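Summary of the model geometry
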Amino acid sequence: MVSGKQLVSTLEADGRLIVELREETLPEPKGHEVLIRVEAAPINPSDLALLFGPADLDNADYAPGRIVAPMPERAVRAMQGRLGQAMPVGNEGAGTVIAAGEVAQGLIGKRVAAVAGGMYAQYRIVDARACLVLPEGASAEQGAAAFVNPLTALSFVEAMRREGHKALVHTAAASNLGQMLARICKAEGIPLVNVVRSEAQVALLRGQGAEHVVNSSAPDFEVDLQDAIAATGATLGFDAVGGGKLAGQILHAMEQVASRGAAYSRYGSNVFKKVYIYGALDMGPTIVNRTFGFGWAIAGFLLTPFLQSIGEEAAERLRQRVRDELTTTFASSYKARVTLEQALTREAALAFNARATGSKYLIVPHG
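Structure report, in brief. (Residues numbered from 1 in each chain as written. Predicted model: local features only at pLDDT ≥ 70, side-chain atom pairs only at ≥ 80, totals over all residues. Heavy atoms only, no water.)

**Digging into the pairing of strand β12 (residues 192-196)**
Where we set the bar: For every residue, the accessible area (1.4 Å probe, protein chains only) is compared with the maximum for its type, and the residue is labelled buried under 20%, exposed over 50%, or partly exposed between those bounds. Every helix listed is a DSSP run of H or I at least four residues long, and every strand listed is a run of E at least two residues long, numbered separately from the N terminus. Paired strands are those between which DSSP finds at least two bridges. With its strands directed away from the observer, a crossover is right-handed exactly when the path from the first strand over the helix to the second travels clockwise.
Taken across its five residues, β12 has five buried, putting it largely inside the fold. What you see with β12 is no split at all: Leu 192, Asn 194 and Val 196 on one side and Val 193 and Val 195 on the other are buried throughout. Bridge count for strand β11 (residues 168-171) against β12 is four bridges, and the pairing is parallel. Bridge assignment links Leu 168 to a residue of β12, and that residue is Leu 192. As for the winding sense of the linkage, the β-α-β connection from β11 through helix α5 (residues 176-188) to β12 is right-handed.

This is the structure in structure tokens:
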């Protein structure tokens, strides 16, 4: 058996969110299980939803290894199913296999990545079949984010092709995921409209070879967006923002482009347009002003259900590409590295919970 620290998030019935480190003792792995000494784990937006959600971190109480924050009453009502449960946090990470069950002995000593939940821990028992053996010489930091962002970016392209679209729009496009998607699309000749929030992000993506980059904070954003959609023919969008009016603006721009030169119809154009919402950088309502006829859809997008829907063979094809291009197409960058204890300090928690582009943090549990 081995003991180590584990980060858990508990929502109490009185509205307190308690995020803390606990000491846990893990049993010997059995069967297909492996015991991983976790060396690196990224903080993704999807992790923040469980870690903090809409809790008020500005008015939280901070102590070594512990944060107690008030949760809005509406959120407590919406999350009745998790009340009182100490929920381990951290979707993915990487480390070295130090012990294994009888079926997985061949992985002992190998560095692997895993998307198993509870990876904000010093040690984690994982099903070996959920692990990805990292290429020879790859570090845990290079492999820590080998699942969520790379497979999400590849899944966007896969969904585009399966649904018959030819080009994409992507928001929050200067993120690690957005930069991966831009590299994929450039390599495969897929037209891509990158929507960002500042001129610095425009410069960043154009410096990496992106052709169509528009700034949502610019006065001429809607005109620029229409021009980029006209140049690419994009009819499918993926929105990381979620709240606000951006998804509706994308559909409106697609409709305006589709209607150019066409005879008037009170039903709008015949071109089908779709936006998937896959993130919640804006926690507010999604605002849709229906100015785009009737040939449209807004839907949610989650990685795991999508991979299940395309079948094991197709999903494995995507995973193999991640293995092959882990340190190139799917390389991630981080603003800072923090220990488990440092992640629960006021300065760090407020910084990475801001969900700002270019502010991705990496947890190093043994740092």
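**Describing the sheet that holds strand β1 (residues 2-11)**
An order of β4-β5-β2-β1-β6 is seen for the five strands of this open sheet, with the pairing classed as antiparallel. The open sheet terminates on both sides in strands that have one partner only, identified here as β4 (61-63) and β6 (87-88).

**A word on helix α9 (residues 303-310)**
Counted only if it meets this: In this description, one arc is meant: the one made by directions from the helix axis to the C-beta atoms. Whether two residues are in contact is decided by their heavy atoms: any pair within 4.5 Å suffices.
Burial in α9 covers these residues: Leu 303, Phe 306, Leu 307 and Ile 310. End-on view of α9: buried residues confined to an arc of 100°, all on one side of the axis. The outward face of α9, more than 90 degrees from its buried face, is lined by the exposed residues Gln 308 and Ser 309. Here the buried face of α9 lies against α4 (148-162) and α10 (312-324). Count one or two residues on from α9 and you reach Gly 311, which has phi positive near 90°.

**Observations concerning the packing of α4 against α9**
Note the threshold: In this analysis, axes come from line fits to C-alpha atoms, helices being fitted only over the stretch in contact, and the angle between any two N-to-C directions falls in the range 0 to 180 degrees. By definition in this entry, angles of less than 35 degrees are roughly parallel, angles greater than 145 are roughly antiparallel, angles of 65 to 115 are roughly perpendicular, and the rest are oblique. Left-handed describes a crossing whose near helix is turned anticlockwise from the far helix by less than a right angle; the clockwise case is right-handed.
Where α4 contacts α9, the axes come no closer than 10 Å and their chain directions differ by 50°. When the axis of α4 is compared with that of α9, the two are oblique. Crossing of α4 over α9 shows left-handed handedness. In this structure, α4 contributes Val 148, Leu 151, Thr 152, Ser 155, Glu 158, Ala 159 and Arg 162 to the contact, and α9 contributes Leu 303, Phe 306, Leu 307 and Ile 310.

**With respect to unusual backbone geometry**
One non-glycine residue, Ala 172, adopts positive backbone phi at about 50°. Here Ala 172 falls in the buried class, since its relative accessible area comes to 14%.

**What to know about the packing of aromatic side chains**
The criterion, for reference: Side-chain rings of Phe, Tyr and Trp, where Trp is taken by its six-membered ring, are said to pair if the distance between their centres is within 6.5 Å; with planes under 30 degrees apart they count as stacked, over 60 as edge-to-face, and otherwise as tilted.
Considering all chains together, one arrives at eleven aromatic pairs under this definition. Between Tyr 276 and Phe 301, the ring centres sit 5.4 Å apart and the planes meet at 70°, which makes this aromatic pair edge-to-face. Here the residue Tyr 276 occupies a position in strand β16 (residues 273-277), and Phe 301 occupies one in the loop between β18 (296-300) and α9, the gap between them amounting to 25 residues. Looking at Phe 301, the relative accessible area reads 8%, which means it is buried. Ring pairing ties together the aromatic residues Phe 156, Phe 238, Tyr 276, Tyr 278, Phe 301 and Phe 306, which thus form one cluster.

**Digging into the pattern of salt bridges**
Spelled out, the test is: The salt bridge criterion pairs a side-chain nitrogen of Lys or Arg with a carboxyl oxygen of Asp or Glu, the two atoms within 4 Å.
Throughout the structure, instances matching the rule amount to 18 salt bridges. For Glu 39, the salt bridge identified is with Arg 111, shortest N-O distance 3.2 Å. With Glu 39 in strand β3 (residues 33-42) and Arg 111 in strand β8 (residues 111-115), this residue pair connects regions lying 72 residues apart in the sequence. Relative accessible area serves as the criterion here: at 33%, Arg 111 is assigned to the partly exposed category. Here the residues in one salt-bridge network are Arg 161, Glu 188, Arg 321 and Glu 325, joined through shared partners.

**As for the side chain of Gln 6**
Relative to the helices and strands, Gln 6 resides in strand β1. In this structure Gln 6 comes out as buried when scored by relative accessible area, which is 6%. Those residues in contact with Gln 6 that lie beyond four places of it in its chain are Glu 20, Leu 21, Arg 22, Glu 24, Pro 88, Val 89, Gly 118, Tyr 120 and Ala 121.

**Remarks on the environment of Val 89**
Relative to the assigned elements, Val 89 resides in the loop between β6 and β7 (92-100). Considering only alpha carbons, one finds Val 89 and Glu 347, 258 residues apart in sequence, at a separation of 19 Å.

**What about the packing of helix α7 (residues 221-232) against helix α8 (residues 246-258)?**
At a minimum axis distance of 9 Å, the contact between α7 and α8 shows a crossing angle of 55°. Considering the angle they form, α7 stands oblique to α8. With respect to the hand of their crossing, α7 and α8 are arranged in right-handed fashion. On the side of α7, the interface is formed by Phe 221, Glu 222, Leu 225, Gln 226, Ile 229 and Ala 230, while α8 contributes Leu 246, Gln 249, Ile 250, His 252, Ala 253, Met 254, Gln 256 and Val 257.

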